[in-house]
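Topology and contacts: notes
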Amino acid sequence: MTASNPTRLPGRDRELRAARALLRGVLPGRTSTLLVGGEIGIGKSALLSAIAEDARDLGFTVAAAAGARLESDLRGGVIGRLAVGLRDGQAESLDWFYGVVREALGRGPLLLVVDDVDLADSWSLRCLAYVLRRVTDQPLAVVLAATTGQSPVGEVTLPELAAEHHEHVELAGLDVDTVAELVGDAPAATCREVTKGNPKLLGALVEQLRDRPGATTADVHALGSEKIGAALRVRLHRYEGAVEVVRAAAVLAEDATVDRLAAMADVEPRRALRVIDGLVRLRVFRDDYPLGFRHVYLRNAVLADLPVATKAADHARAAVLLRDSGASEGRIAEHLRGARAVPLPWGVEVLRRAARKATYDDRLDDAQDYLERALEERLSSDERLAVQLELVHITFLVDQAAGMARLRDSLAHADDARSAAGQSVTMLLRLCSAPEARLALSIGLQLVSRLTSQEHDESWELRVMSYLAGMGNNVGLALRASMFTDELESEVPQAPRLKQIHSAVMSLGHALRGESAEEALRYASEALDGERYDIFVQPFVFTVSTAFMADAPDLSDRFRRMIGNEAEPHDYHLRKGTVVSMAHGMDFLARGQLVRAKTFLKWQLRLFDELDAVAVCPMAILCAARLAEVLVDLGRFEEARELLARYGFADELPELFQHNVTLYARGKLKLATGDPQGALADLLECGRRLTASKIDSPAILPWRALAVRAHLALGRREVAAQLAAEDLARAKRWGTPRAMGTALISVGLTTDDEAATRALHKAVEYLTDSPARLLHAEALLQLGAQLRRRCQGERAIPYLRQAVELSARCESKPLIRRAAEELRACEPATAQGTVHGLTKQETRVAGMAAQGLTNRQIAEALFLTRRTVELHLSGAYRKLGIAGRADLAGALRRHQDQYSA
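Bear in mind the structure is a predicted one, so any value in this text is a computation, not a measurement.

A closer look at helix H34 (residues 637–646)
Residues of H34 that are buried: Ala640, Leu643 and Leu644. Seen from one end, H34 has its buried residues packed into an arc of 95°, which puts them on one side. Buried residues along H34 sit in contact with helix H32 (594–610), helix H33 (618–634) and helix H35 (659–672). Looking one or two residues past H34, glycine 648 carries a phi angle of roughly 75°, positive in sign.

What to know about the pairing of strand S1 (residues 32–38)
Burial within S1 is extensive, with seven of its seven residues counted as buried. Side chains Ser32, Leu34, Val36 and Gly38 of S1 all project onto a buried face; the interleaved residues Thr33, Leu35 and Gly37 project onto the opposite face, where all are buried too. Looking at chain direction, S1 and strand S4 (residues 140–147) are connected through seven bridges and run parallel. Within the sheet, the bridge partner assigned to leucine 35 lies in S4 and is leucine 144. Across four bridges, S1 lies against strand S5 (residues 167–170) in parallel orientation. Within S5, the position partnered with leucine 34 by the bridge is glutamate 167.

Describing the sheet that holds strand S3 (residues 110–115)
Taken in spatial order, the five strands line up as S2-S3-S4-S1-S5 in an open sheet, and their pairing is parallel. Sheet topology places strand S2 (61–66) and S5 at the edges, where each strand pairs with a single neighbour. For this sheet, the mean angle separating the axes of adjacent strands, direction not counted, is 15°. Sheet analysis places S2 next to S3, joined by six bridges and oriented parallel. Residue threonine 61 lies in a different strand from S3, and its bridge partner there is leucine 110. Contacts from helix H1 (residues 13–26) reach S1, S3, S4 and S5, with the element oriented near 165° to S1. Contacting S3 and S4, helix H4 (residues 94–107) runs over the sheet at an angle of about 135° to S3.

Quick notes on the packing of H4 against helix H5 (residues 122–132)
Closest axis-to-axis distance for the H4/H5 pair is 9 Å, and the angle between their directions is 55°. When the axis of H4 is compared with that of H5, the two are oblique. Seen along the crossing, H4 lies across H5 with a hand that is right-handed. Facing Leu94, Asp95, Phe97, Tyr98 and Val101 of H4, the residues of H5 in contact are Trp123, Arg126, Cys127, Tyr130 and Val131. Taken together, the residues of the contact of H4 with H5 break down into eight nonpolar, no polar and two charged.

What about the packing of aromatic side chains?
For the structure on display, the rule yields five aromatic pairs. When the centroid spacing of 6.2 Å and the interplanar angle of 90° are considered together, the rings of phenylalanine 548 and tryptophan 734 count as edge-to-face. Of this pair, phenylalanine 548 sits in helix H29 (residues 539–548) while tryptophan 734 is found in helix H38 (residues 717–734), placing the two residues 186 residues apart along the sequence. Just as phenylalanine 548 is buried, tryptophan 734 falls in that class too. Between arginine 522 and the ring centre of tyrosine 523, over which it is positioned, the NZ or CZ distance is 4.5 Å.

Description of the confidence of the model for the protein chain
Across the protein chain, pLDDT averages 86, with 91% of residues at or above 70. Segment residues 1–7: pLDDT under 50, and 13 contacts once partners within four positions in sequence are set aside and those in other chains are kept. Across residues 829–833, where pLDDT falls below 50, the model places eleven contacts with residues more than four positions away in sequence or in other chains.

Describing the nonpolar core
Within the largest apolar cluster, 168 residues are counted, with the highest numbers of intra-cluster contacts made by Phe536, Phe542, Phe548 and Phe608. No other element matches H33, which puts 13 residues into this core.

Concerning the side chain of threonine 395
Looking at where threonine 395 falls in the secondary structure, it is placed in helix H20 (residues 381–398). By relative accessible area, which is 5% here, threonine 395 ends up buried. Within the structure, threonine 395 has its side chain in polar contact with the backbone oxygen of leucine 391 (distance 2.7 Å). For threonine 395, the side chain forms a polar contact with the side chain of arginine 406, separated by 3.1 Å. Apart from the residues within four sequence positions on either side, threonine 395 is in contact with Gln368, Ala402, Gly403 and Arg406.

Looking at the packing of helix H27 (residues 496–513) against helix H28 (residues 517–529)
For the pair H27 and H28, interaxial distance at closest approach is 8 Å and the crossing angle is 160°. Considering the angle they form, H27 stands roughly antiparallel to H28. Read as a crossing pair, H27 and H28 show a hand that is left-handed. Judged by residue contacts, Gln500, Ser503, Ala504, Met506, Ser507, His510 and Ala511 of H27 engage Glu519, Ala520, Tyr523, Ala524, Glu526 and Ala527 from H28.

Quick word on the environment of threonine 546
Residue placement: threonine 546 occurs in helix H29. On the basis of relative accessibility, which here comes to 13%, the residue threonine 546 falls in the buried class. In the structure, threonine 546 is positioned 41 residues away from aspartate 587 in sequence and 7.1 Å away in space, judged by C-alpha atoms. Setting aside its immediate chain neighbours within four residues, threonine 546 contacts Phe559, Ala583 and Met586. Within the structure, the side chain of threonine 546 is placed 3.2 Å from the backbone oxygen of threonine 543, a separation counted as a polar contact.

Conventions we followed
Here the residue index of a chain counts from 1 through its sequence in written order. Thresholds applied to this predicted model are a pLDDT of at least 70 for local features of residues and 80 or more for the giving and counting of side-chain atom pairs; totals over whole chains, interfaces and linings are not thresholded and use all residues. As a rule here, side-chain values come from all non-hydrogen atoms in the structure, and water together with hydrogens is ignored. Buried residues are those whose accessible area, probed at 1.4 Å on protein chains only, stays under 20% of the maximum for their type, while exposed residues exceed 50% and partly exposed ones sit between those limits. Runs of E in the DSSP output that reach at least two residues are strands. Runs of H or I that reach at least four are helices, and both are numbered from the N terminus. What the arc measures is the spread of directions leading from the helix axis to the C-beta atoms. Residues count as neighbours in contact if any of their non-hydrogen atoms are within 4.5 Å of one another. In this scheme, strands are said to pair when DSSP sees at least two bridges between them. For helices, the fitted axis covers only the stretch in contact; all axes are lines through C-alpha atoms, and the angles between them, taken along N-to-C directions, range from 0 to 180 degrees. The scheme is simple: roughly parallel for angles under 35 degrees, roughly antiparallel for over 145, roughly perpendicular for 65 to 115, oblique for anything else. Each crossing gets its hand from how the near helix is turned against the far one by less than a right angle, where anticlockwise is left-handed and clockwise is right-handed. Residue polarity is assigned by list, with Asp, Glu, Lys and Arg as charged and Ala, Val, Leu, Ile, Met, Phe, Trp, Tyr, Cys and Pro as nonpolar; anything else, Gly included, falls into the polar class. Two aromatic rings from Phe, Tyr or Trp, using only the six-membered ring of Trp, form a pair when their centres are within 6.5 Å; if the ring planes differ by under 30 degrees the pair is stacked, by over 60 it is edge-to-face, and anything between is tilted. In our convention, an over-ring charge means Lys NZ or Arg CZ found within 6 Å of a ring centre and within 35 degrees of that ring's normal. The predictor attaches a confidence to each residue, and that confidence, scored 0 to 100, is pLDDT. Residues grouped as a nonpolar core are buried Ala, Val, Leu, Ile, Met, Phe, Trp, Tyr and Cys residues, joined through side-chain atoms within 4.5 Å. The definition of a polar contact used here is a pair of N or O atoms within 3.5 Å, where within protein one atom must be able to donate a hydrogen and the other to accept one, and adjacent residues in sequence count solely through side-chain atom pairs.

Below, the structure is given as C-alpha cells:
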C-alpha cells in the first residue's frame, strides 16, 4: 500500500501527518481516539475524508457517519449508519453494536469516523462510549469531529464520549502562503485577513474573485457571499435570538454594543448577552471590543443575505439609536448613508457636517456619498442649493472638470438668484487651496450675471468674495481681481453688515497700495465695530490684516476677539481656535516676543501637518512661513531650513499669495546663514510677485530692507542705496513707526558718517514707543555700531547696552551676539592687557559690568550661566583690590591709566 499525497488537502499537511501516525500506531493492536475541533467552515469534514482515504490505503475497514440537526432526536441514527458500513442490520442494543465492532475487528483494522458528533443522538453516543471503554487492545481508530463552542444536542459530552487517553487536533485558519496558492493574483494577505484563512469562507471568496480579475484590497474587503450568509442564518436558527443579534451586529458594525444589539434584535439585554456569549464561543463573534464578527467576510455575507429594504430600515434604526445615545455624527452619517429610501429629514444637517469632517480628513468619496444621500431628502430650494454647492466643492476636489459641470447644472436649476447668491457666499468662504480659486471665480461670475440692479447688495458681496479669492491666488488671477478694486470701493452697499465688509475692503485696499496707514486703520476699526463676520478669516484678508494691524495693538486685540475661537471655521483644514491662535502667533512675532510666537505657530503647524495640509492650505503655508521667520530670528537656522525643506518650500514655489511670505522667510534665512546671493534672488522674486499683483506696500512684507542688506553683502552699495531710498519714500507714504524705522535703518546702512548717524538716530526715535521691539533692538545696534566705527565708543555704549537688553528680552540669539560683539569692541584699551592678572574673560565681564549691564544681560550676551558671570566678577574684584561692583568703573579707569603710562 502506498501513502496518499499529503498535499491533496491544502494547508493541512501537519494534521494529516499526525492522523497517519495515529493510524499506524493502531495497527499493532492499540485502540486510539482522535478529536478534531474547529470553527464553522474550518475544514473538519474535508480532513476526516482525507483521513478515511489514508486509512483505506493502510488496509483499514472504514465506517463513516455524520450527526445532523434534523436527526438529533432519531434514536441510533449515527450508529445505524456506522453499522450499515460494517454489515446490514439495525442498531438493536449496546451489546449488539459492540458485537458488530468486534466482528469487524476480526477481519482487520477498523476506523470509525463520525463528523458533527456534537449533533449526534444520545443513543449513538452511548453506543460509541460503550465500545471505546471495552475495546482497548484492538486495531481500532475512532475519529470524531465537532464544531468548537457548539454544545452537544444530547446529554453526553465529548469528554465523556472519548476514551481516557485520546488525541486532540484544533484546526486553525490556513496560512497566508496556502491562501496565496488558492487566490491567484488577488492580494493574499487581505484575503486571509477577511476570512482568517477559513476554507469555507475562502472558497466562497475565490468563487467571487473569479469574476473580478485584478481585485484590489478595497475590493476584497467589500466582498461577501449571499450563500454563506444564508447558510449561517439557517445554522443559527436553532439558537433563540442568534439570527437577529447577528443581523444587528452586521448592520451596526463598529457601533455594536450589548444594549444596541439588544435593541436592534428586539431581545432582552440579558438574553442578548447570553446569545453574544454563545456566538463568541462558536467563533462567529470575536472575543474583544468592539463587539462584532471575527471575519470581515462573514459580516459582509450576512449583509449580502439581507434584502435591500430590510437593510435600509435596519440602518435607519441604527442611525436613530446612535443619535439618541450621543454617538459621533460621523458614525450616525454612516448609517444614514445606508438608509436609502427611508425618509430621515433630521439627518440632513448631520450628513452635511459629516461631509465637512470627511473633507477635513481627506475622505472625499465619503463626503460625496453623504451629500448625495442628503439630497435624497425632501428639501427646500435654498437647502437643496446649499447642499448642491457643497457637493460641487467636493466633486471639484476630486475632478475639476466634473466639479465645474456640476456647478453649471446646480446654478441652472436654482430658482431664486438672490437666495443662490447668499448660499454661494457661504460656499466661497469654504474654498481654500489655489485650484479652488478658479471655482470661486466661476461661482461668483455666473451668479453675478443673473442678478438684477435690484439685487445690488447681493451682487456686490459676491464680487467681493470673488475678488478676494483671486487676489490670494496666482499673479494672473490677482491681476484680474485687482481690476475690480476701484469698483468695489466706490460702490457702498446698503445693508449694515455689508457696510462693515465695505470698510474691511477699504482698509485692505489702503494696506495693499501702501497708502495712509491712518486711513487703513480707521476703516479697519469701522469693520471691527460690528458683528463678527467671517471675511476676516478669509486667507488673503487674514494674511494682510495681521501684517498691518500689528502696529495698532488695541486694534489687533479687537481683531483677535472678533475672529474668536468658538465659531466653526468654514475652511475644512481649520479647527476651532486655529485662526485666532495663528493671529496670536503673528502678533507676538510683530512685537518681538519670539518664544511665545514659536509656541503658538509650531502647535498650529503640527495640527496642519496631521491633515497633510501644509503644502496646499493658504493658512497652513502662512503658518509655516511665519514660523520659519521666527526660527531665524531666534537663531535656530538649521531648524528653519529643515522646516522649509520638509514641506517642499526650499524649491520653486507656486504663485500663491502666502508664498510671498515663504520667499521672505527663506531670503531672511539665507541672509543670516551667509548666502546673500540666494537671499537676494528670493527677495527680488517676492518683490516681483507683489508688484505684479499691484501690491506695493511696506505694510505687507518689508522685502526691500532685507534686499538692501543682501546687496551690501555683495558689495553693491549704489543699488542698495537706491533701494533704501525707494523704501523710505513708501514708508513716508504709509507712515507707521515700524515702516519708517525699517526704511531709516536701510538708509543708515547705505550712507556714510553723519548722514548715517542721523538716519539711525531717527530710526531709534521712531521705534522707541513702537511695539516692534526686535526692530528697535536692531536700530539701537546699528546706531551703536555706527558710533563705534566713528570712534565714539563712549556714545555708542548706552545704545549697545540697550540693544543687548532688548535682544535678550526678545531672546534673539543672533542679535544678542552681534550687540555683545559691538559692546566688547567698545571696551577700554586696558581690556586687551592682563595687568593685575585679569584673564581675558574676566576683563570682558568686568568691562560689561562697568558699563551698567546686569549679570543676566552679561550672561545672555556672552552665552554664559549667571553663576559663571558671578565667579568671573568675584575674581576681578579680588585681583583689582575692590569691594564690589560700585568700584569697578574707577578701578578699570585706573587700570587704563597705568596701562597707558
